[in-house]
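Take a look at the letters that make up each chain.
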Amino acid sequence: AIQQRLVALGIGLQANDVFRWSPKDEPRFVDELLSAEIHGFANYGTYFKPLREFAGDVDCAHSYSHLDLFHWRHTAQHEFTPIIGSPDRLNEFGRAQIALTRDLIETLEPKVVVIANSTAARYAVACMPLEYVAGSRTQCKLPGSKPTRFFLAGMLSGQRRMGTFSRIRLEVDVRDFL
């Protein structure tokens, strides 16, 4: 299934390479992967609209981007989590996905990362791992890394989206940090 998705995206990466590939060590697939992500960002407005609105609400409409914690388009978490394992028992594929995301974040050095999905936030805390910033109840960071701050939240849209006041608190926390 992994190889079929790579072929469908037009990426010349073999499924077995996914477990070993890192943009730092072997940048040859970065353009292909970036192109696939840009295509999705431009053509799936329904999914990305709440993210654009949130970026505007925190005064970052022209300087934000989207990155999935797991690089696998799947709309049902209950179908995807068995593929990667649980946060405390992540399998090889899940560990490779988390490592890729961590490498990308450390390479890009964003000022803020908002993880807007409570399930993804549990995986990030347990598997990246994230730690809370001293003196803060809302900011996390990667141990020993640059000062990128992580804010954990529920979903911005959909049936299980966070409540109005939770969203306002998230906006205020992110804006105050920026």
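Look up: the structure comes first, before these words.
Read on for a plain summary of the structure. (Residues numbered from 1 in each chain as written. Predicted model: local features only at pLDDT ≥ 70, side-chain atom pairs only at ≥ 80, totals over all residues. Heavy atoms only, no water.)

Quick look at the layout of surface pockets
And step 1. Computed from the structure, the second largest pocket encloses a volume of approximately 220 Å³.
And step 2. The wall of the second largest pocket is formed by 13 residues, among which Thr138, Leu152, Ala153, Leu170 and Asp173 lie closest to the centre. (1 Å grid on protein atoms, 1.4 Å probe; cavity = no way out; pocket = protein on both sides within 12 Å on 5 of 7 lines; lining within 4 Å. Points joined across faces, edges and corners; volume = space filled by probe spheres on them.)

Structural notes on the nonpolar core
And step 1. By size, the foremost hydrophobic cluster in this structure holds 20 residues, and its most contacted members are Leu69, Phe70, Ile84, Ile115, Met128, Leu130 and Phe150.
And step 2. A total of 4 residues in this core trace back to one element, the largest contributor, which is helix α6 (residues 118-127).
And step 3. When sequence neighbours within four positions are dropped, the list of residues in contact with Leu69 reads Gln97, Ile98, Thr101, Ala120, Tyr123, Ala124 and Met128.
And step 4. In this structure, Phe54, Cys60, Ala153 and Leu170 belong to the second largest nonpolar core, which totals 10 residues. (Core = buried A, V, L, I, M, F, W, Y, C linked by side-chain atoms within 4.5 Å. Buried < 20%, exposed > 50% of the residue type's maximum accessible area, 1.4 Å probe, protein only. Helix = DSSP H or I, 4+ residues; strand = E, 2+ residues; numbered from the N terminus. Contact = heavy atoms within 4.5 Å.)

A few points about the pattern of salt bridges
And step 1. All chains considered together, the criterion is met by 6 salt bridges.
And step 2. Asp59 is the salt-bridge partner of Arg175, the closest N and O atoms lying 3.9 Å from each other. Linking Arg175 in helix α7 (residues 164-177) with Asp59 in the loop between α3 (45-57) and α4 (77-84), this pair joins segments that are 116 residues apart in sequence.
And step 3. Here Glu131 ties to Lys141 by a salt bridge, and the two come within 3.4 Å at their closest N and O atoms. Within this pair, whereas Glu131 is found in strand β4 (residues 131-132), its partner Lys141 is found in strand β5 (residues 140-141), the two being separated by 10 residues in sequence. (Salt bridge = Lys/Arg side-chain N within 4 Å of Asp/Glu carboxyl O.)

Here's the deal with the packing of aromatic side chains
And step 1. All chains considered together, the criterion is met by 3 aromatic pairs.
And step 2. Arranged with centres 5.3 Å apart and planes meeting at 85 degrees, the rings of Phe70 and Tyr123 form a pair that is edge-to-face. Taken as a pair, Phe70 in the loop between α3 and α4 and Tyr123 in helix α6 lie far apart in primary sequence, 53 residues in all.
And step 3. For Phe70, a relative accessible area of 9% corresponds to the buried category.
And step 4. Of the aromatic side chains, those joined through ring pairs into one cluster are Phe70, Phe80 and Tyr123.
And step 5. Looking at Lys111, its charged tip hangs above the ring of Phe177, at a distance of 6.0 Å from the centre. (Phe/Tyr/Trp six-rings, centres within 6.5 Å; stacked < 30°, edge-to-face > 60°. Lys NZ or Arg CZ within 6 Å of the ring centre and 35° of its normal.)

Focus on the packing of α3 against α7
And step 1. Where α3 meets α7, the closest approach of the two axes is 10 Å, and the angle between their N-to-C directions is 55 degrees. By the angle between their directions, the pair α3 and α7 is classed as oblique. In contact with Pro50, Glu53, Phe54 and Asp57 of α3, α7 contributes Arg167, Leu170, Glu171, Val174 and Arg175.
And step 2. For the contact of α3 with α7, the residue count by class is 4 nonpolar, no polar and 5 charged. (Axes fitted to C-alpha atoms, helices over the stretch in contact; angles between N-to-C directions. Parallel < 35°, antiparallel > 145°, perpendicular 65-115°, else oblique. Nonpolar A, V, L, I, M, F, W, Y, C, P; charged D, E, K, R; others polar.)

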